[in-house]
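Working through the structure, step by step
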Number of protein chains: 2
Amino acid sequence: MTSSKIEDAPIGPVPAEAGPTQLSLGVAARLSRYLQVLTQAQKTGRATLSSQELSDYTRVNSTQIRRDLSGFGKFGKRGVGYNVDALADEIRQILQAGSQQNIALFGAGHLGKAIGSSGIFADHGFNVIAVFDADPKKVGMNVGGQAVRPIEDAKRVIEEQDVLVAVLAVPGEAAQVLADTLVAAGVRIIFNYSESLLDVPAEVTVHTSNPAADLLHALYFYLS
Amino acid sequence: MTSSKIEDAPIGPVPAEAGPTQLSLGVAARLSRYLQVLTQAQKTGRATLSSQELSDYTRVNSTQIRRDLSGFGKFGKRGVGYNVDALADEIRQILQAGSQQNIALFGAGHLGKAIGSSGIFADHGFNVIAVFDADPKKVGMNVGGQAVRPIEDAKRVIEEQDVLVAVLAVPGEAAQVLADTLVAAGVRIIFNYSESLLDVPAEVTVHTSNPAADLLHALYFYLS
DNA sequence: TAGATTGTTAATCGATTAACAATC
DNA sequence: TAGATTGTTAATCGATTAACAATC
């Protein structure tokens, strides 16, 4: 019974200048993708980006991008495009990003090390505050500047530091039992990088990574 | 100018017993997710799965799942559900999976090792036929049972083995130059695990992994 | 000014959902 | 039989797209 509190999505495109109505599922997903592109564009020093360029990178239709954005204000300049810094700030505000969430990472194998030492979460203001592993031989190893801790400490750390988000980079066999423990300790969003399917209570959101499914789907269109 | 041949999607739900019409973008994406779940369910020995269970794991509405499937035949048994093995086979046929694609993996760092040694692609009939790295110190290392090769060999291997799919697990700075080389050699689908944005010709599909964007989006709904 | 790109409308299409008869 | 779940219809809502005036 994997499920999600994201289930019954609400309210559509918001009237211009609208207040903090709950975003629809689709709009929120797209806005976060625009933000991802803007964040990268900032790094390469781009000052402006047009809706067409955003479309090229996100695969979202450019008209829809303009429509999504214009629901919250007139952020663009005709003939020029959108100011990268300003638009990134606007989207962060809309998404209420910057809430400085603490993340716990589980598994210090290859994948755990890759996630822990990449800046991928830090770039968006998330802190990986702890890395855990069940293997005593891995405890104490350095992953992304932190010593790996024993899995037995997880419950305490989650509770003490109000960890809502857990990233699972563990073997499939270990995932369900671990997920049960984490949910009991207070975790509400799980990023599952194991191949295992997870059963969690309805109030918990599971996000499963699926490269093989994505590839199957990409290939279908290539081969057709 | 990242773009995709998946852009202009075609044709909707197909009349029952329809032939090999091109699937719509959404249907193909969903079918590949159903297949992913079925493949996992097979491993745990499940014999049948109901549309509701598939819905729990994929977050796709159960009515839509039944609708997607019934477009291709009557695969389910009322009061029972879908036979896991049989449905997996049907979906593989619909998606024309099993075409035994060769995949090349770039980057033998933590992420490359994680991908190379996981069975995630092999499970779906994809062969990771080579692992490349630009660092001479990594050449020769064992990743998923293969010796890492120097990046200079990539062009030849791609051409000789008809590699259409490349997985990029390289640092952001290296990604664009590498992508250009790969596209020139014949690659048409790129899985980009670097944080860099890629510009590729229109005939190439880029799939960028985006955990931070996904998290932002999941958190928005949690916090609202 | 001329060219580019936004903001917005209107029309179409696909996704979502509830409901329920059919049937295993 | 009784309970469960499919296959299918109909109604609604959101996404997609083309088009274009406004304007930088």
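**Structural notes on the pattern of salt bridges**
Residue and element names in this part refer to chain A.
- For the structure on display, the rule yields 14 salt bridges over all chains.
- The partner of Asp68 in a salt bridge is Arg30, with the nearest N and O atoms 2.7 Å apart. Within this pair, whereas Asp68 is found in helix H3 (residues 62-70), its partner Arg30 is found in helix H1 (residues 25-43), the two being separated by 38 residues in sequence. Residue Asp68 shares its accessibility class with Arg30, and that shared class is buried.

**A short note on the environment of Val27(A)**
Residue and element names in this part refer to chain A.
- In this fold, Val27 is placed in helix H1.
- C-alpha separation for the pair Val27 and Ala202, spaced 175 residues apart in sequence, amounts to 23 Å.
- Among all residues touching Val27, those that are not within four sequence positions of it are Asp68 and Phe72.

**Focus: the relation of the copies chain B and chain A**
- Aligned on chain A, chain B shows an RMSD of 0.0 Å; the corresponding rotation is 180 degrees and the shift along the axis is 0.0 Å. Such values leave the two copies arranged in the relation of a two-fold axis. Across chain B, the rotation axis passes nearest the C-alpha of His110(B), at a separation of 2.4 Å.

**Let's talk about the interface of chain B and chain A**
- Each partner contributes to the interface: chain B provides 70 residues, whereas chain A provides 70 residues.
- Around 6600 Å² of area is buried between chain B and chain A when both sides are counted, 69% of it from carbon and sulfur atoms.
- The largest contributions to the chain B side of the interface with chain A come from Arg59(B), Tyr220(B) and Phe221(B), which together make up 12% of the buried area.
- The tally of links from chain B across to chain A stands at 14 residue pairs in polar contact (both at pLDDT 80 or more).
- The set of elements that each furnish at least two residues to the side of chain B that touches chain A consists of helix H1 (25-43), helix H2 (51-58), helix H5 (110-117), strand S10 (189-192), strand S11 (205-208) and helix H8 (211-223) of chain B.
- Considering every element that reaches the side of chain B that touches chain A, the biggest residue donor is H8(B), with 13 residues.

**A look at the protein's contact with DNA strand C**
- Neighbouring DNA strand C are 26 residues; Ser51(A), Arg66(A), Tyr82(A), Gln64(B) and Arg78(B) lie closest to it.
- Each atom of DNA strand C within 4 Å of the protein belongs either to a base or to sugar and phosphate, the latter forming 57%.
- In the environment of DNA strand C, a base oxygen lies 2.9 Å from a nitrogen or oxygen atom belonging to the side chain of Arg78(A).
- Between Gly79(A) and DNA strand C, the recorded distance is 2.9 Å, taken from a backbone N or O atom to a sugar or linking oxygen.

**Looking at the packing of aromatic side chains**
Residue and element names in this part refer to chain B.
- A full pass over the atoms with the stated rule returns six aromatic pairs over all chains.
- Centroid distance Phe121 to Phe126: 6.4 Å. Interplanar angle 75 degrees. Geometry classified as edge-to-face. Phe126 shares its class with Phe121; the two are buried.

**Some remarks on the pairing of strand S4 (residues 102-106) of chain B**
All names here are of chain B.
- Buried residues dominate S4, accounting for five of its five residues.
- Neither face of S4 is exposed, since Asn102, Ala104 and Phe106 on one face and Ile103 and Leu105 on the opposite face are all buried.
- When S4 meets strand S5 (residues 127-133), the two strands line up parallel, connected through five bridges. When the bridges of S5 are listed, Asn102 appears paired with Asn127.
- Taking the sense of rotation as the criterion, the β-α-β connection linking S4, H5 and S5 turns out right-handed.
- When S4 meets strand S9 (residues 165-168), the two strands line up parallel, connected through four bridges. Across the sheet, the residue bridging to Ile103 is Val165, located in S9.

**Remarks on the domain arrangement of chain A**
- Each domain of chain A was delimited in the assignment, giving domain 1 (14-94) and domain 2 (101-212).
- Here the C-alpha centroids of domain 1 of chain A and domain 2 of chain A sit 30 Å apart.

**With respect to the confidence of the model for chain A**
Residues and elements named next belong to chain A.
- Residue-level pLDDT values for chain A average 86, and 90% of them are 70 or greater.
- Of all the helices and strands in chain A, helix H8 (residues 211-223) carries the lowest mean pLDDT, 84, while strand S8 (residues 149-150) carries the highest, 98.
- In the predicted structure, residues 1-20 sits below a pLDDT of 50 and forms 49 contacts with residues beyond four places in sequence or in another chain.

**Things to note about the side chain of Ser55(B)**
- Along the chain, Ser55(B) turns up in helix H2.
- Ignoring sequence-local partners within four residues, the contact set of Ser55(B) consists of Val60(B), Asn61(B), Ser62(B) and Ile65(B).

**Things to note about the protein's contact with DNA strand D**
- Taken together, 26 residues lie around DNA strand D, and Gln64(A), Arg78(A), Ser51(B), Arg66(B) and Tyr82(B) are the ones closest in.
- Sugar and phosphate atoms form 57% of the subset of DNA strand D atoms that lie within 4 Å of the protein.
- One nitrogen or oxygen atom from the main chain of Phe75(B) is found 3.3 Å from a phosphate oxygen belonging to DNA strand D.
- Within the contact set of DNA strand D, a sugar or linking oxygen lies 2.9 Å away from a backbone nitrogen or oxygen of Gly79(B).
- The set of elements that each furnish at least two residues to the surface near DNA strand D consists of H1 and H3 of chain A together with helix H3 (62-70), strand S2 (76-77) and strand S3 (81-83) of chain B.
- Taken together, the residues of the surface near DNA strand D sort by class into three nonpolar, 13 polar and ten charged.

**Describing the environment of Gln146(A)**
Residue and element names in this part refer to chain A.
- Structurally, the position occupied by Gln146 is in strand S7 (residues 146-147).
- In this structure the C-alpha to C-alpha distance between Gln146 and Ile65, which are 81 residues apart in sequence, comes to 39 Å.
- For Gln146, the contacting residues outside a window of four places in its chain are Val128, Ile129, Ala130, Val131 and Met141.
- Of note is the side chain of Gln146, whose polar atom sits 2.4 Å from the backbone oxygen of Val128.

Quick notes on the rules
Residues numbered from 1 in each chain as written. Chains lettered and ligands numbered in written order. Predicted model: local features only at pLDDT ≥ 70, side-chain atom pairs only at ≥ 80, totals over all residues. Heavy atoms only, no water. Salt bridge = Lys/Arg side-chain N within 4 Å of Asp/Glu carboxyl O. Helix = DSSP H or I, 4+ residues; strand = E, 2+ residues; numbered from the N terminus. Buried < 20%, exposed > 50% of the residue type's maximum accessible area, 1.4 Å probe, protein only. Contact = heavy atoms within 4.5 Å. Least-squares fit on C-alpha atoms with pLDDT ≥ 70 in both. Buried area = accessible area lost by both parts, 1.4 Å probe. Polar contact = N/O pair within 3.5 Å; in protein donor to acceptor, adjacent residues only side chain to side chain. Near = heavy atom within 4 Å. Phe/Tyr/Trp six-rings, centres within 6.5 Å; stacked < 30°, edge-to-face > 60°. Pairing = 2+ DSSP bridges. Right-handed = clockwise from strand over helix to strand, strands pointing away. Domains from an automatic or database assignment. pLDDT = per-residue confidence, 0-100. Nonpolar A, V, L, I, M, F, W, Y, C, P; charged D, E, K, R; others polar.

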